[in-house]
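Chain and residue survey
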Amino acid sequence: MMSTNDRRRGGSKGLASRTAPIRHSLVPAHHHALEKRFICFAIMAIATFLSYSNLQTRNINDSSNGRWYDDTVRHSSDIARPSRINTLRIMHGAHKKNEGNDVPSSENLERISDGGEGRSADFVLDTISSVFTAVDEQHLHDGRVVRELSHRVLSRNIAQSNVVIVSPNFGNEAHVFTDKNIRDDSTMKDIAMQRYYPAKVALEQGHTTHLLPTSTKFAEGWQTSSSPNNKYNSTSVGWILLAYFATQKLDTSIQNPHSSIDDILSPSQASSWLQQTTITYMVFPISAKATIPLSSILGHEKYEYEMDYTVNKTIEMTGLTAAKTLLESNYKLQLLSSSHYFDEMNDGTDQAYYYGPNALFQSVNALHRFLYERAVRALRKEVNNIRQHYWQSRRPNDDTNPDQILEVQFHSLLFATQGLDLAIPARSSYTDVGNHKECRGSQKGGRKERCDPKLNARAMNDTIFLDCPHRHNTLNVQFVDEHDTSRRVDERTDMEKSYGIMIDLNDGKWMKPKDEMSGEIEVWSGSEDPSKAEAVCVKADKNAILPRVSCRTRITPTKIKAVSHDTNKQHPDRPNLLVIMIDPLSRQQMRRSLPNTWAMLEMLGFVEFRRYTAVGNNSGPNQAALYSGKPLEGRQGIRTSNNSARTWIWDRLNDAGYVTMKAEDGCISNSNMVQSIDPKTHHGKQLHEMFCFSYDRPNCLGGKLAAEHLVDYTRQFIDTYNRRDEKTSPQTKPWAAFISFIDSHEDSATLISYLDGILLNFLQDIPMQNTMILFTSDHGMHYGPGFASKSGETERAQPLLYLRMPSFKKLNQLRQNAQQFTTAFDVHETLIDVILGKPDNPSLVDNQLGMSLVKPLPQSRNQCSTTHAIPSKFCSLVDDTNQPEVQVSPQRQCTFMIEPPSVFSFYSDIPQNNRPQWPSHCPIRRNHVDNDSSGPCFCATNNRGWFDCSNMTSINFNSEYFSLRSCSHHELDQQTTLDIHVTENEHLVRERNALAKQTMKRLAGTHHEDDIKASFDAQPNIIFLEIDSVSLSFSERHFPLTWGLLQKHKIITEQEDISCPSGWCAGVFNKTSVVGQSSIVNQLAALSGCLQYDDTQEELKHYKDGPQTHCPSGGKNSFGVDEETGVDRDHWIFEVAKNLGYITFFGEEFCYEESPYVVQTQSAFTLDVDLTPSDLFCNLAKDWLKVNGKVNHQLKTYAVEYDGKEIPNTCFDGKSRGEIGLEIITQMWDEYDSSPKFAFLNALAAHDYSLNAAHASLGAENYDAVVYRFLSSIMARNDSRDTYVVLRSDHGLQGGPYPIDYATQIEHMHPWTAIIAPAYHPSLSTGPFSSNQNMLVTGFDIYHSIRYLMSPNKKQNSLLFDAGIPRWSYNLFQQKIPSGRNCQDAKIPKEFCPCMDERSDMAPSFYVGHSERPGKLLPLPELRYDWRTMRFAAPRLPGLLLP
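Quick summary incoming for the structure in this document. Note that the coordinates shown come from a computational prediction; the quantities given were computed from them, not determined experimentally.

1. Some points on the packing of aromatic side chains
- A complete count under the given rule lists 35 aromatic pairs for this structure.
- Relative to Phe-738, the ring of Tyr-627 has its centre 5.9 Å away and its plane inclined at 85 degrees; by these criteria the two rings are edge-to-face. Pair noted here: Tyr-627 is in helix α17 (residues 619–628) and Phe-738 is in strand β22 (residues 735–741), with a separation of 111 residues, a long-range link.
- Judged by its relative accessible area of 1%, Phe-738 falls in the buried class.
- Aromatic side chains Trp-1132 and Phe-1165 sit 5.1 Å apart centroid to centroid with 10 degrees between the ring planes, which places their arrangement in the stacked category. On the criterion of sequence distance, the pair formed by Trp-1132 in the loop between β34 (1109–1112) and α34 (1133–1139) and Phe-1165 in the loop between β35 (1143–1148) and α35 (1174–1187) is long-range, its members being 33 residues apart. Comparing Trp-1132 with Phe-1165 shows no difference in burial state: the two are buried.
- Aromatic ring contacts, followed pair by pair, group Phe-1024, Trp-1132, Phe-1134, Phe-1146, Tyr-1152, Phe-1165, Phe-1238 and Phe-1240 into a single cluster.
- One Lys or Arg, Lys-539, reaches over the ring of Phe-693 and ends 5.2 Å from the middle of that ring.

As structure tokens, this is what we get:
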């Protein structure tokens, strides 16, 4: 092969170093002489140079005045080894130190000091590497979590919205940017966009963006010089979509007083603002500092590991006052991001507190414990680290200052909302996959550390959904009947008597006076008059981290307004009315999440309106249309419009003598939507206040779901007022109940599933006779990740509507109208017509908004565009759904969805040193050759299975490239020695050269001899490294070193100039798509260009002996047919490579014999390669089965899993599993230096199904360092300019517990694909290679490109051997992929298509690939009739953990 050593070389060994400034200070308590300071600093400089990083120490001077002094020293660190310091603050290079930044507010800062005495110590603290990596507040603002939140929240531009960013870096004046001045040059705007990603997205999305200094007085309104007339009052901003707070000052040139988050969100500053303004989401920082004198750390006689020496510590917390303000305003506080993560730890009370993503803080005490526990655990690790080093290297004559202070900082961002949204939308926060049958351990109550439950589309029928916390069930409150004279009633405490209740504190342990005096009981009642209270709640252990709550409801009959005798005479049988509203819910989502309810509605004879369409973007206009029949202009309409001109339907029913009720199962204490109008109904107001008393997950009030409380209250209402026999109760009045469930108002699409069983039972309890029932929603989901797709926008416009009339009259007309376009205006007219008998619009005019649905609708309703009330933008969406297939414009570029937020981002934002991690290197075990006396030894090689080698000192066969030796069976990684020794097989080289010459002769008649020789001389080496189950986003999160290498060698494009300055061209293909769900179909595409299914539109060859394989036919030059198998040699890349003279390698990191999960056993091809570690792993698997006594067990060798809790990263004689294949490839490159080589390795490092999300990516992060070292070494070789590297994954994560999350489902479609090509290799054309990075790419294109590298036709930039190349594929190195390429063109199945415009369903499902198959996914379920309860029941229901 022609050498390319004379070509220009670029590149370098390793990544470019990246500076990470380190904060360091060591300030003496008293002034030192200049000479002594010089000596100290000299010692410090030497120590800094010798250590990886430095610990920060700090002294307090003039502490009586509260003055804090510190200096900043910045150091650089290499990217491959992050610096470690004890203070968790990184001052980024672009940020300047603010001397006043650490000055806490004396009013709001909490200090906790533990007493203790210590002795001064002689110890140089500065020479010790810290346990943790420094993180400051700005690190969290720069994190991936905040970026994902910004796209998720701020893409919600459905109405004129405001975004507020508060920071000390905005100077002393407020600035506002609207669509009118957003393009104006502004230094402040540039600062905001550079430092705060929410500001960047808000401005780009066109939100009115307010940049406010931390000195802003929210209670007084804020002013901005950018607004008209130099005045801008905060009270005029009725709705703020996001309020984002930052408190770290980065610019010392800005002179403004420092304000902590407790100052900004103090009750005096923020309470009135929160009452006047609807703020949907808030994000704010909290922090804790733990300090301890060095003397108390070292003042003990001896070192004992894990002993708590942190007695004399001080903990300072910031954020508790802000949290208190928001909690009192009914905001729910959740953990968004954090500087540290520790695994759950039991506190000695059998209660483990979870502080991962979305952790809920229900009280200030809970947040207090979080900050305290995080800071103390970090401090304790640092102290133990220092003590350990101290007793290992103590020098009695050290002269150090005994007043040094060790400081550790902890930072977090909290997410606040009054709604149900999670900080990071993830179904895993509402589920416990460990409870799945596949994840349970062999012992009762036990669990596996890792499992793959393979959740199906009916995951809601599994036992994985969380129930309300069981601790609440030990508390019970009851209303007391005034006529009850039982002993317990007489013995009630004064508190119980004043509220008219009884309290059971613990399963029959009734409350006593001493309990009342303890102050641990809190009672809320819906009325000051106990006889009028319809709701009451009790909180026990109210100061505990997790208090217990119990609530009770009832209906106290009220006097109804008398109506005229004529009304009763004209309408003696006025029907009752029940309106069940679910806010929001689309028709499609109902079928996904409420299948049993759907079946019950069909069974009960409800009429479904399948063209029912929304009239507005959100709840306001749609509910205003339904409840008032009049349009609503803008989000502020309900508050600002003249409501005297708007008559609500419950008001009209009140006037007509109905007893009314309106309630919803949530607490939105300040809203400018329908909730804010304070409906004047007879019942329901107390229930709204009750739901604000407490909150727990999943949407629980005490031990019951909020929806259960609402349904119970509705049942009580119906039972109280339902018409019975007129003779026995002639005064009974008709009733009307309006109930609204907001459980679906969260964008993980999980809580809605909890309603299925509740609604199924409730529908069977409703008295159907003489009751009109409306089961509806106001619109589909209108925000969140799913809404970003075209299908999400479509579903927003398609709410559901089911009607059941009080009688069979006009039922036929109703069914006819159900086939036409209808809106909430029509429903309003129908309610007035049926219930009151006098529609507002008796005439049928085409342009009127609403028409009664029990009267014929005009022909104009057959089309959306001629239905007056439906906005045209909705018609353009819903009309598409009437077409059999989504039509795709050939000129439209494939648009990928912005990937949803992922819980894995929470962990990846935390430096690896600040969370659990695997050992960075495998331990090198003692060689058991020295231990022959302990028992016999057995050996194995790639040619021989296990054999007795007790008397052999070495194995030296020319054909063996690995050997194993195992003596005296113990733990796997302690008993086996492994030797890898690849040597060139000269016979193989001669054989492969001869085969290449035969191949060249096939071209003699069609190509010139010189062209053929030039093509074969240009054959490069190819390394195809596939890392299984890694999406593009996963790689960005957990492969930082490899990404750094790719960025170092990325293609540079400046106008029309494309270059690769380093000599390497690294391309990342940002729009790579899967072509199927599993590894097999995606590997089949990349390694053979074939399909697993037949495609009648293509000319394919069908191989049906064994697993069916369908391959492209055609092409001018072929390698012939394998006579044994009958399969063409033109498909399987290993056969192609051999025929072209390549030495081949195929690697899996497990024993794949008989495995049903690999392409080499599940296709028509036979794997025959020159080198493979398969025999190595099979021998290890067989040895493992023998060691564990499972030789005769049904466990297959491919199912042997070496990873475990104790040995997460399996090691074999000092080598990790992921290093073995790469070591063989490295030696293969060394030994076969004169032959072209092709190596394919499938790595399993990311294939971790740990139930703990914090651990699931640890193997991948370890493998990142392995890949980085391997690639760096390959690129530094003398022959590296003849090597192409394909770095790819087959698909995103699809196994384990996390495919239940929407982020995982979307990421599954976007596998990581990158190619590193030598810049000056003749087969590379940088223009197409660069442009293809942003085009739709699949494994078929990878296959085509590799085939081109192996046999390039230089004159035509095509292939010499083109037989078997898929017609629908492209050569990434030479051909530009068209911008209009779509999934149909690329052979991507519809259910895995990432192009939003081609999908009719991209909503969250319960597993990858299920959402686009409604026919198979969503059949009408069969309900089971239970004769014991005399009702229909679903097999299993979410929230009920049935066996």
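Back to the text.
2. Quick word on the sheet that holds strand β23 (residues 771–777)
- In space, the 6 strands of this open sheet follow the order β18-β24-β23-β17-β22-β19, with mixed pairing throughout. Strands with a single pairing partner mark the edges of an open sheet, and in this sheet they are β18 (607–608) and β19 (659–664).
- In this structure, β18 lies alongside strand β24 (residues 801–804), joined through 2 bridges in antiparallel fashion. Pairing of Glu-608 across the sheet is with Tyr-802, part of β24.
- Strands β18, β23 and β24 of the sheet are contacted by helix α16 (residues 595–603), whose axis makes an angle of about 35 degrees with β24.
- Against the sheet, helix α21 (residues 706–721) touches β17 (576–582), β19 and β22, its axis set at about 175 degrees to β22.

3. What about the nonpolar core?
- Among the nonpolar cores identified, the biggest contains 107 residues, and Phe-245, Leu-265, Trp-273, Met-282 and Phe-284 are the most heavily contacted of them.
- Looking at which element gives the most residues to this core, the answer is helix α10 (residues 364–392), with 11 residues.
- With residues up to four places along the chain from it excluded, the contact list for Leu-265 reads Phe-245, Ala-270, Trp-273, Met-282, Phe-284, Thr-321, Ala-322, Thr-325 and Leu-326.
- One finds Met-600, Met-690, Cys-700 and Ala-1434 within the second-largest nonpolar core, a separate group that totals 73 residues.

Rules used throughout
- Residues numbered from 1 in each chain as written.
- Predicted model: local features only at pLDDT ≥ 70, side-chain atom pairs only at ≥ 80, totals over all residues.
- Heavy atoms only, no water.
- Phe/Tyr/Trp six-rings, centres within 6.5 Å; stacked < 30°, edge-to-face > 60°.
- Helix = DSSP H or I, 4+ residues; strand = E, 2+ residues; numbered from the N terminus.
- Buried < 20%, exposed > 50% of the residue type's maximum accessible area, 1.4 Å probe, protein only.
- Lys NZ or Arg CZ within 6 Å of the ring centre and 35° of its normal.
- Pairing = 2+ DSSP bridges.
- Contact = heavy atoms within 4.5 Å.
- Axes fitted to C-alpha atoms, helices over the stretch in contact; angles between N-to-C directions.
- Core = buried A, V, L, I, M, F, W, Y, C linked by side-chain atoms within 4.5 Å.

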